[in-house]
Amino acid sequence: MLGRRQSSQSQCCTDRQSLVPLIWQSYIHAHLDAELKLHGYLPCVLAIRAVRTIWSDFSNAEYMGVKLKDLTLNEYLDLLVETGQVKRAELKFKSTRAVLRIKGCSFAPVFHPQLGQRFICPHALMVFALLKRSFSDVKFSENLSQLTKDGSITVFDTV
């Protein structure tokens, strides 16, 4: 059983509510890990399939008057920080590349030791989906996210 911890004023969710994103992240990681084991040579295809699922199943999901499909890249990155999922999320564009850096991810200590250093970060999947709305072609330039001790680095090629 999970122990309770004291909530600070900066947290937006109760301990019980914070289990929902943890469960969701567990599901995403387990699903992607199973698919990668079956199709290790197709990580970008899997990302595209995941993005299609995001938009077909969840794009009209609404919370407090905001729909997923209406979020901009900056709004999504700000939400990651505001909700305490990550301490810092930045997306920098260099020519035709976009580099996503996630630092202080609350899920990294749980999942990254089991996954190794390379995997598709679920936060990067959402950024990939949002980039696909703005660019005619988006690819994971290095196939997968590079997982760090407390976050990830994902490089996208954009056209």
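Refer to the structure above for everything that follows.
The rules behind the values
- Residues numbered from 1 in each chain as written.
- Predicted model: local features only at pLDDT ≥ 70, side-chain atom pairs only at ≥ 80, totals over all residues.
- Heavy atoms only, no water.
- Phe/Tyr/Trp six-rings, centres within 6.5 Å; stacked < 30°, edge-to-face > 60°.
- Helix = DSSP H or I, 4+ residues; strand = E, 2+ residues; numbered from the N terminus.
- Buried < 20%, exposed > 50% of the residue type's maximum accessible area, 1.4 Å probe, protein only.
- Expected span 1.5 Å × (residues − 1).
- Arc of directions from axis to C-beta.
- Contact = heavy atoms within 4.5 Å.

Overview of the packing of aromatic side chains
Right, so step 1: One pass over the structure, following the stated rule, counts four aromatic pairs.
Right, so step 2: An angle of 35° between the planes, with centres 6.0 Å apart, marks the rings of Phe-93 and Phe-135 as tilted. Taken together, the residues Phe-93 in strand β3 (residues 88-94) and Phe-135 in the loop between α5 (122-134) and β6 (138-140) connect sequence positions 42 residues apart.
Right, so step 3: On the accessibility criterion, Phe-93 (44% relative accessible area) is partly exposed.
Right, so step 4: Ring centres of Phe-140 and Phe-156 lie 5.2 Å apart, and the angle between their planes is 50°; this geometry places the pair in the tilted category. Separated by 16 residues along the polypeptide, Phe-140 in strand β6 and Phe-156 in strand β8 (residues 152-158) bring together distant segments of the chain. Summarising the burial analysis for this pair, Phe-140 and Phe-156 share the class buried.

Considering α5
Right, so step 1: Taking 1.5 Å per residue as the helical rise, α5 with its 13 residues ought to reach 18 Å, and the 19 Å between its terminal C-alpha atoms agrees with that figure.
Right, so step 2: Along α5, ten of the 13 residues are buried, which leaves the element largely enclosed by surrounding structure.
Right, so step 3: Residues of α5 that are buried: Pro-122, His-123, Ala-124, Leu-125, Met-126, Val-127, Phe-128, Ala-129, Leu-130 and Leu-131.

Regarding helix α4 (residues 108-115)
Right, so step 1: Within α4, burial applies to Ala-108, Phe-111, His-112 and Leu-115. Buried residues of α4 fall within an arc of 100° about the axis and therefore sit on the same side. Exposed side chains of α4 directed beyond 90 degrees from the buried face belong to Pro-109, Pro-113 and Gln-114.
Right, so step 2: The first or second residue beyond α4 is Gly-116, which carries a positive phi of 90°.

Considering the environment of Leu-80
Right, so step 1: Relative to the elements of secondary structure, Leu-80 occurs in helix α3 (residues 73-82).
Right, so step 2: Overall, the relative accessible area of 2% leaves Leu-80 in the buried class.
Right, so step 3: Taking the C-alpha atoms as reference, Leu-80 lies 9.5 Å from Ile-102; in sequence the two are 22 residues apart.
Right, so step 4: The contact partners of Leu-80, leaving out residues within four places of it in the chain, are Gln-85, Val-86, Ala-89, Ile-102 and His-123.

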